[in-house]
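Overview (structure and organization)
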2 protein chains.
Amino acid sequence: MPATPGVPAATVGRLVTYLRLLTAMEERGVRTTSSDELAGRSHVSAFQVRKDLAYFGRFGTRGAGYTVATLRRELRRILGLTRPWNVAIMGMGRLGQALADYPNFDEYDFRLVAAFDADPAKAGLPAGGLFVEGLEVLPARATELTIDLAFLTVPGPAAQAAADALVAAGIRGILNFAPAVLEVPPHVHVEPVDLMAGLKRLSYHVVARAEDDAA
Amino acid sequence: MPATPGVPAATVGRLVTYLRLLTAMEERGVRTTSSDELAGRSHVSAFQVRKDLAYFGRFGTRGAGYTVATLRRELRRILGLTRPWNVAIMGMGRLGQALADYPNFDEYDFRLVAAFDADPAKAGLPAGGLFVEGLEVLPARATELTIDLAFLTVPGPAAQAAADALVAAGIRGILNFAPAVLEVPPHVHVEPVDLMAGLKRLSYHVVARAEDDAA
DNA sequence: TATTGTGAACCGGTTCACAGCG
DNA sequence: CGCTGTGAACCGGTTCACAATA
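Overview of the structure. (Residues numbered from 1 in each chain as written. Chains lettered and ligands numbered in written order. Predicted model: local features only at pLDDT ≥ 70, side-chain atom pairs only at ≥ 80, totals over all residues. Heavy atoms only, no water.)

Among the structural elements, Arg14(A) can be located in helix H1 (residues 9-27). Apart from the residues within four sequence positions on either side, Arg14(A) is in contact with Val44(A), Gln48(A) and Asp52(A). (Helix = DSSP H or I, 4+ residues; strand = E, 2+ residues; numbered from the N terminus. Contact = heavy atoms within 4.5 Å.)

As structure tokens, then:
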């Protein structure tokens, strides 16, 4: 079993893209593909595709390319998507509610198993087939349900305290929607998904390109 | 006026973080700060902070640090956040609806000015103070309202066609929530914000760390 | 003295050329 | 012959040491 040391974070992001393409190909009944085709649809070079895959093994046939079903299965395994993941939502504001109702979690066995909010007034409210629970039951529920991951959807100023509670409860990965840089121990991974930050990066790039055009 | 050539994308992302910290400091009444303090709160090195800023000019005082208000103003200018941005939502499913109701757009003058959906049945429905409109009026409304940016919140298979329509209507930046790599002309910038992709990256990293711990 | 600003060294990820192999 | 797999070159971003200066 490869220990996969030193894989660039950018490679992991591209693997997710390749997997999406392979899934679409399989649905369309496509049997085989090539680094060239994956590259074209991902907007990267074929070198890059092959190098990304080479971090984890050899999955193709020289002269022939890749079998869609095989490569897809391997990428699922590499990305950890062959096992179920129990996910909780922390913070049931608008965004938390929207995520609770999001229909696509069951894709690859992500299971929404709990929803928490610090506000006692929200306890008991329905949320995507579940009921909102108070923070005080998080530790017990995390153990009972074996919660693996959490969506952090609390306001920025509350984010660090909420993250601390999740870490104390044994969560190992946080998808962070809050506008904050979280402090977590090394065994916990944080993946930022910051809407307003994305909007501000967009603002910069649009202005920069307009200036390029002018020049 | 600096043409700001060759600024790394990662730098732009960090500038957004610095700006957020400076805004919080200003609200707390803090007058001055240092590259060291910004670095600590952003989880980067002080070298990195100074290098990031150096792409755009010299904003500090040697021996004393940075004036919070001044640096904040400069970062807003650099990021293009001193002018208003007119934003439209394309795709009024659950996510589009949630975004329309999102309360924080007015921060830095992002103005939600229109909401579109390809489904005629959705036309006229309320959406965050607006009413959903059909795709056929997009070109006219884009000109009339001078729409700058768009949130793309349609299903993956519909994303490219929707992006094409936005580009044809003159939009210059797309915040892409759809699981798809978009094909756009060079004067249009796409910033991906892919929820499920973030979740899959998280899956990989959590598995990888568990293996590290085992080893 | 304290902290910024920056040219140079360093390093890691991307690119490449080509070897390996169906 | 075609396409994958990979060691080596390259390049861009990060790190660093130190010069500049309030």
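The subject of this paragraph is the relation of the copies chain B and chain A. By a simple turn and slide, chain B fits onto chain A: the slide is 0.0 Å along the axis, the RMSD is 0.0 Å, and the turn is 180 degrees. Seen this way, the second copy is the image of the first under a two-fold rotation axis. A share of 100% of the interface residues of chain B reappears at the interface of chain A, consistent with the copies meeting face to face through the same patch. (Least-squares fit on C-alpha atoms with pLDDT ≥ 70 in both.)

Residues and elements named next belong to chain A. The strand order across the open sheet built from seven strands is E5-E6-E4-E3-E7-E8-E9, with neighbouring strands paired in mixed fashion. Every other strand in the sheet has two partners, leaving strand E5 (126-127) and strand E9 (189-192) as the edge strands with one partner each. Here strand E3 (residues 85-90) runs beside strand E7 (residues 149-152); their pairing, made up of four bridges, is parallel. Bridge pairing in E7 links Ile-89 to Phe-151. Lying over the sheet, helix H6 (residues 138-145) contacts E3, strand E4 (110-117) and strand E6 (130-134), oriented at roughly 170 degrees with respect to E4. Across the face of the sheet, helix H7 (residues 159-168) comes into contact with E3, E7 and strand E8 (173-176) while running at roughly 170 degrees to E7. (Pairing = 2+ DSSP bridges. Axes fitted to C-alpha atoms, helices over the stretch in contact; angles between N-to-C directions.)

All names here are of chain A. A full pass over the atoms with the stated rule returns eight aromatic pairs over all chains. Seen from their ring centres, Phe-105 and Phe-151 are 5.3 Å apart, and the 50 degrees between their planes marks the pair as tilted. Of the two residues, Phe-105 is situated in the loop between helix H5 (94-100) and E4 and Phe-151 in strand E7; the sequence distance between them amounts to 46 residues. Across the pair, Phe-151 and Phe-105 agree in class, each one buried. Ring geometry for Phe-151 and Phe-177: centres 5.9 Å apart, planes at 75 degrees, overall edge-to-face. Of the two residues, Phe-151 is situated in strand E7 and Phe-177 in the loop between E8 and E9; the sequence distance between them amounts to 26 residues. Grouping residues by exposure puts Phe-151 and Phe-177 together as buried. Connected via pairs of aromatic rings, a cluster forms that spans Tyr-102, Phe-105, Phe-151 and Phe-177. The side chain of Arg-83 reaches across the aromatic face of Trp-85, ending 3.7 Å from its centre. (Phe/Tyr/Trp six-rings, centres within 6.5 Å; stacked < 30°, edge-to-face > 60°. Buried < 20%, exposed > 50% of the residue type's maximum accessible area, 1.4 Å probe, protein only. Lys NZ or Arg CZ within 6 Å of the ring centre and 35° of its normal.)

Near DNA strand D lie 23 residues; those nearest to it are Ser35(A), Arg50(A), Gly60(A), Tyr66(A) and Arg62(B). The contact in question runs from a phosphate oxygen of DNA strand D to an N or O atom on the side chain of Ser35(A), over 2.6 Å. The contact in question runs from a base nitrogen of DNA strand D to an N or O atom on the side chain of Arg50(A), over 2.8 Å. Those elements that provide at least two residues to the surface near DNA strand D are helix H3 (46-54) of chain A together with helix H1 (9-27) and helix H3 (46-54) of chain B. When residues in the surface near DNA strand D are grouped by element, the largest group, four residues, is from H3(B). (Near = heavy atom within 4 Å. Polar contact = N/O pair within 3.5 Å; in protein donor to acceptor, adjacent residues only side chain to side chain.)

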